[in-house]
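# Survey of secondary and tertiary structure
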Amino acid sequence: LTVMLRNQNRNLCIEEIPIPKKNAGMTLANLDLRRFPNVLVLAVKHAEDWVYNPTRTLQLQLQLQDSDTLILMTTPEERKELEKQFGSMKKTAGD
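So, a few notes on the structure that sits alongside this text. (Residues numbered from 1 in each chain as written. Predicted model: local features only at pLDDT ≥ 70, side-chain atom pairs only at ≥ 80, totals over all residues. Heavy atoms only, no water.)

## Notes on the pattern of salt bridges
Tallied over the full model, the rule gives five salt bridges. Glu15 is paired through a salt bridge with Arg79; the nearest N and O atoms lie 2.7 Å apart. Of this pair, Glu15 sits in strand β1 (residues 13–18) while Arg79 sits in helix α3 (residues 76–86), placing them 64 residues apart in sequence. The network of salt bridges with shared partners includes Glu15, Arg79 and Glu83. (Salt bridge = Lys/Arg side-chain N within 4 Å of Asp/Glu carboxyl O. Helix = DSSP H or I, 4+ residues; strand = E, 2+ residues; numbered from the N terminus.)

## Details of the packing of aromatic side chains
Per the counting criterion, the structure on display carries one aromatic pair. Ring centres of Trp50 and Tyr52 lie 6.1 Å apart, and the angle between their planes is 10°; on these two criteria the pair is classed as stacked. You can call Trp50 partly exposed: its relative accessible area is 40%. (Phe/Tyr/Trp six-rings, centres within 6.5 Å; stacked < 30°, edge-to-face > 60°. Buried < 20%, exposed > 50% of the residue type's maximum accessible area, 1.4 Å probe, protein only.)

## Focus on the environment of Ile71
Tracing the chain through its elements places Ile71 in strand β4 (residues 69–74). Residues Ile71 and Ile17 lie 54 residues apart in sequence; the distance between their C-alpha atoms is 6.5 Å. Beyond its immediate chain neighbours, meaning those up to four positions away, Ile71 contacts Ile14, Glu15, Glu16, Leu40, Val41, Leu42, Ala43 and Trp50. (Contact = heavy atoms within 4.5 Å.)

## Examining unusual backbone geometry
Backbone geometry places Asp32, a non-glycine residue, at a positive phi of 55°. With respect to the helices, strands and loops of the structure, Asp32 is situated in the loop between β1 and β2 (40–46). Classification of Asp32 by relative accessible area gives partly exposed; the value is 38%. The backbone phi angle of Asn53 is positive, close to 45°, even though this residue is not glycine. By the element assignment, Asn53 lies in the loop between β3 (49–52) and α2 (56–61).

## Regarding the nonpolar core
Judged by nonpolar contacts, the single largest core of 16 residues is most densely connected at Leu28, Leu31, Leu33, Val44, Leu70, Leu72 and Leu82. Of all elements in the fold, only β2, β4 and α3 reach the threshold of two or more residues within this core. For Leu72, the residues in contact, after removing those within four places along its chain, are Cys13, Ile14, Glu15, Ile17, Leu33, Val39, Leu40, Val41, Leu42 and Leu82. Counting residues in each nonpolar core, the second largest holds five residues, with Leu12, Ala43, Ile71 and Met73 among its members. (Core = buried A, V, L, I, M, F, W, Y, C linked by side-chain atoms within 4.5 Å.)

## A word on α3
Given 3.6 residues per turn, any residue in an α-helix points the same way as the ones three and four places further on. Those residues of α3 lying buried are Glu78, Arg79, Leu82, Gln85 and Phe86. Within α3, the buried residues cover an arc of 120° as seen down the axis, which keeps them to one side. What points out from α3, more than 90 degrees from its buried face, is the exposed set Glu77, Lys80 and Lys84. Following α3 by one or two positions, Gly87 has its phi on the positive side, about 95°. (Arc of directions from axis to C-beta.)

What follows is the structure, given as structure tokens:
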């Protein structure tokens, strides 16, 4: 994982994105993260549980709360675009 995240040709990082209040009640699919080709949803911290590698079906069903957190792998460029939509993020790996 460290080698992959530090690849000089493909800079990837893992980010934590808290769900803003404005997105509470939406499903993961409603966030339309597919428009970011270099974003991979690794997990969702939902209430006291973790949902790892959420399937498309689960993305359509899981209603997000403002206490939820998305764990994503993405590029620095798309990280900036995600920050425009969701606000600030916390980098968790690949610094």
